[in-house]
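# Structural characterization, general
Below, each chain spelled out in residue letters.
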Amino acid sequence: MTRSGEDPRVAELRTAVSRLRRALAGHPAEFPDRAIAEDELAALDAMAAGGAPEIPRLRRSLLLVAGAIGSVSALSTALTEVRSAVELFRETPPSPPGVA
């Protein structure tokens, strides 16, 4: 857990989603599925803000975002960060301090 008690995976997800949202907002080109990407990033952000995201829903949102912006190479690094953050939830959650 982080100092604030937040699961570090949640913190990583929130950071990665925030970066991708900023990158998408700053990307000048319009593309057909931009609204889908924006909606799903908002959903990911809301799940992370809730603190205990549902893993199937995380994966679904990631697939929708990747499908929506996957061909926009300028966003690939930020998208990879989100993917990596979602994959952290496949691991066992960290134990609280003092618990073996």
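Look above for the structure.
Report follows, based on the coordinates.

Cut-offs and rules
- Residues numbered from 1 in each chain as written.
- Predicted model: local features only at pLDDT ≥ 70, side-chain atom pairs only at ≥ 80, totals over all residues.
- Heavy atoms only, no water.
- Helix = DSSP H or I, 4+ residues; strand = E, 2+ residues; numbered from the N terminus.
- Buried < 20%, exposed > 50% of the residue type's maximum accessible area, 1.4 Å probe, protein only.
- Contact = heavy atoms within 4.5 Å.
- Areas by Shrake-Rupley, 256 points an atom, 1.4 Å probe, with all protein chains shown as cover.
- Expected span 1.5 Å × (residues − 1).
- Polar contact = N/O pair within 3.5 Å; in protein donor to acceptor, adjacent residues only side chain to side chain.
- Arc of directions from axis to C-beta.
- Axes fitted to C-alpha atoms, helices over the stretch in contact; angles between N-to-C directions.
- Parallel < 35°, antiparallel > 145°, perpendicular 65-115°, else oblique.
- Left-handed = near helix turned anticlockwise from the far one by under 90°.
- Nonpolar A, V, L, I, M, F, W, Y, C, P; charged D, E, K, R; others polar.

### What about the overall build of the chain?
Along the chain, the regular secondary structure elements total four helices and zero strands. Walking the chain from its N terminus toward its C terminus, one meets helices and strands in the order α-α-α-α. Counting over 100 residues, the chain shows a buried share of 34%. For the chain, long-range pairs separated by at least 24 residues make up 65% of all intrachain contacts whose partners lie at least 6 apart in sequence. Put simply, the chain shows about 6,000 Å² of open surface, and 53% of that area lies on carbon and sulfur atoms.

### Here we look at helix 2 (residues 34-50)
Here helix 2 is 17 residues long and its end C-alpha atoms lie 24 Å apart, about the 24 Å a rise of 1.5 Å per residue gives. Where helix 2 is buried, its residues contact helix 1 (8-26), helix 3 (55-69) and helix 4 (76-87). Gly-51 sits one or two positions beyond helix 2 and adopts a positive phi of about 90 degrees.

### A short note on the side chain of Asp-7
Summarising the element assignment, Asp-7 is placed in the segment before helix 1. Judged by its relative accessible area of 13%, Asp-7 falls in the buried class. A polar atom in the side chain of Asp-7 sits 2.7 Å from the side chain of Arg-9.

### Quick notes on helix 3
Spanning 15 residues, helix 3 covers 21 Å between terminal C-alpha atoms, matching the ideal 21 Å at 1.5 Å per step. All of the buried residues in helix 3 are Leu-58, Ser-61, Leu-62, Val-65, Ala-68 and Ile-69. Buried positions in helix 3, seen along its axis, are confined to an arc of 130 degrees and lie on one side of it. Pointing more than 90 degrees away from the buried face of helix 3 are the exposed residues Pro-56, Leu-63 and Gly-67.

### Considerations on the packing of helix 1 against helix 4
Where helix 1 contacts helix 4, the two axes come as close as 8 Å, and the packing angle between them is 160 degrees. The orientation of helix 1 relative to helix 4 falls into the category roughly antiparallel. Remark: the crossing between helix 1 and helix 4 carries left-handed chirality. Here Glu-12, Leu-13, Ala-16, Val-17, Arg-19, Leu-20 and Ala-23 of helix 1 come into contact with helix 4, specifically with Ala-78, Leu-79, Glu-81, Val-82, Ala-85 and Val-86. Its residues placed into classes, the contact of helix 1 with helix 4 shows 10 nonpolar, no polar and three charged.

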